[in-house]
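Commentary on secondary and tertiary structure
The lines below spell out each chain.
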Amino acid sequence: MQKPCLRCAYPFEISDTDLEFLDRVSPVIDGQHCSIPPPTLCPSCRLRRRIAFRNSYSVTTRSSSLSGKNIFTQYYDGVPFPVYANEEWWSDAWDPYEFGRDFDSTRPFFPQWAELRNSVPHPAASVLNMENSDYCTNAGSLQTCYLVF
């Protein structure tokens with residue numbers, strides 16, 4: 001099936017295999033099969049939309065929402081969720097279970113997801129296994145690096 005992209009009008013193909021996959025991964029909520037609709041944007045526009053959610057290069061300093069200490073982060077002060085220093089986020093200084101909540105099937109999913117996302121603390125930077133590389137984000141296993149993304 002050929003469809004024009006709703007954003008750029010470029011025609012793109014949706015195969016029968018794609019439709020079968022969407023049907024196979026569609027969720028069943030309260031016993032009701034909720035079909036995932038076929039895409040309306042071409043693959044390039046869908047990729048742009050996914051990447052727009054990421055912030056890899058804009059960084060700042062701010063206070064940790066847990067301890068108040070100054071941290072290097074990709075999240076500015078105006079974000080609606082708490083931001084913890086990475087060592088605090090990985091520590092036992094806070095209980096992640098206190099943010100759990102029941103799903104209300106009478107309300108739409110995405111507003112509930114946004115409420116949950118905006119209440120749960122985020123780590124200051126997306127890093128793992130870093131050594132002497134405090135001013136890096138979206139990286140892993142770095143040693144003595146500065147502003148690597």
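As a reminder, the structure under discussion sits directly above these lines.
Okay, so let's go over this structure.

Let's shift gears to the overall build of the protein chain. Helix and strand content of the protein chain: four helices and ten strands. Secondary structure elements of the protein chain, listed N to C terminal, follow the sequence β-β-α-β-β-α-β-β-β-α-α-β-β-β. Projecting the C-alpha coordinates of the protein chain onto the three principal axes gives extents of approximately 55 × 35 × 25 Å. For the protein chain, the proportion of contacts with a sequence separation of at least 24, taken over those separated by at least 6, is 36%. Surface accessibility of the protein chain: about 10600 Å² in total, with carbon and sulfur atoms responsible for 55%. In the protein chain, which carries 13 positive and 17 negative side-chain charges, the distance between the mean positions of the two groups comes to 10 Å.

This paragraph deals with the packing of aromatic side chains. One pass over the structure, following the stated rule, counts nine aromatic pairs. Considering the side-chain rings of Trp89 and Trp94, the 6.2 Å spacing of their centres and the 45 degrees angle between planes classify their relative orientation as tilted. What makes Trp94 buried here is its relative accessible area of 13%. In this structure an aromatic cluster arises from ring pairing among Tyr84, Trp89, Trp90, Trp94 and Phe99.

This next bit is on the environment of Ser26. Inspection of the secondary structure puts Ser26 in the loop between α1 (16-25) and β3 (28-29). In contact with Ser26, other than residues within four places in its own chain, are His33, Cys34, Ser35 and Ile36.

The next point concerns the environment of Arg7. Residue position: Arg7 is located in the loop between β1 (2-4) and β2 (11-13). For Arg7, the contacting residues outside a window of four places in its chain are Leu41 and Cys45.

As a further point, take the pairing of strand β5 (residues 60-63). Residues in a regular strand project their side chains so that they alternate between the two faces of the sheet. As paired elements, β5 and strand β6 (residues 70-73) share four bridges and run antiparallel to each other. Note on β6: the bridge partner recorded for Arg62 is Ile71. Between β5 and the antiparallel strand that follows it, β6, lie six residues; Gly68 among them carries a positive phi value of about 85 degrees.

The next subject is the pattern of salt bridges. Scanning the entire structure with this criterion turns up three salt bridges. Here Arg62 ties to Asp77 by a salt bridge, and the two come within 3.7 Å at their closest N and O atoms. Note that Arg62 is positioned in strand β5 and Asp77 in the loop between β6 and β7 (83-84), a separation of 15 residues in sequence. Judged by its relative accessible area of 8%, Arg62 is buried. Residue Glu115 pairs with Arg107 through a salt bridge whose shortest N-O separation is 2.7 Å.

Our focus in this paragraph is a positive patch on the surface. Residues Arg7, Arg48, Arg49 and Arg50 make up a contiguous surface patch of positive charge. Within the secondary structure layout, Arg48 lies in helix α2 (residues 43-52). On the accessibility criterion, Arg48 (54% relative accessible area) is exposed.

A cluster of nonpolar side chains, Ile29, Phe53, Phe103, Phe109, Phe110 and Trp113, forms an exposed patch at the surface whose accessible area comes to about 700 Å². Here the nonpolar patch gets three residues from one element, more than from any other, and that element is helix α4 (residues 109-119). Among the structural elements, Phe109 can be located in helix α4.

On to a negative patch on the surface. Taken together, the side chains of Glu13, Asp16, Asp18, Glu20 and Asp23 make up a negatively charged region of the molecular surface. Considering every element that reaches the negative patch, the biggest residue donor is α1, with four residues. For Asp23, the position within the fold is in helix α1.

Conventions we followed
Residues numbered from 1 in each chain as written. Predicted model: local features only at pLDDT ≥ 70, side-chain atom pairs only at ≥ 80, totals over all residues. Heavy atoms only, no water. Helix = DSSP H or I, 4+ residues; strand = E, 2+ residues; numbered from the N terminus. Contact = heavy atoms within 4.5 Å. Areas by Shrake-Rupley, 256 points an atom, 1.4 Å probe, with all protein chains shown as cover. Lys, Arg positive; Asp, Glu negative; His and termini not counted. Charge placed at Lys NZ, Arg CZ, Asp CG, Glu CD. Phe/Tyr/Trp six-rings, centres within 6.5 Å; stacked < 30°, edge-to-face > 60°. Buried < 20%, exposed > 50% of the residue type's maximum accessible area, 1.4 Å probe, protein only. Pairing = 2+ DSSP bridges. Salt bridge = Lys/Arg side-chain N within 4 Å of Asp/Glu carboxyl O. Patch = residues over 30% accessible without salt bridge, like charges linked within 9 Å, V, L, I, M, F, W, Y side chains within 5 Å.

Keep in mind that these numbers describe shape and distance, not what the molecule does.
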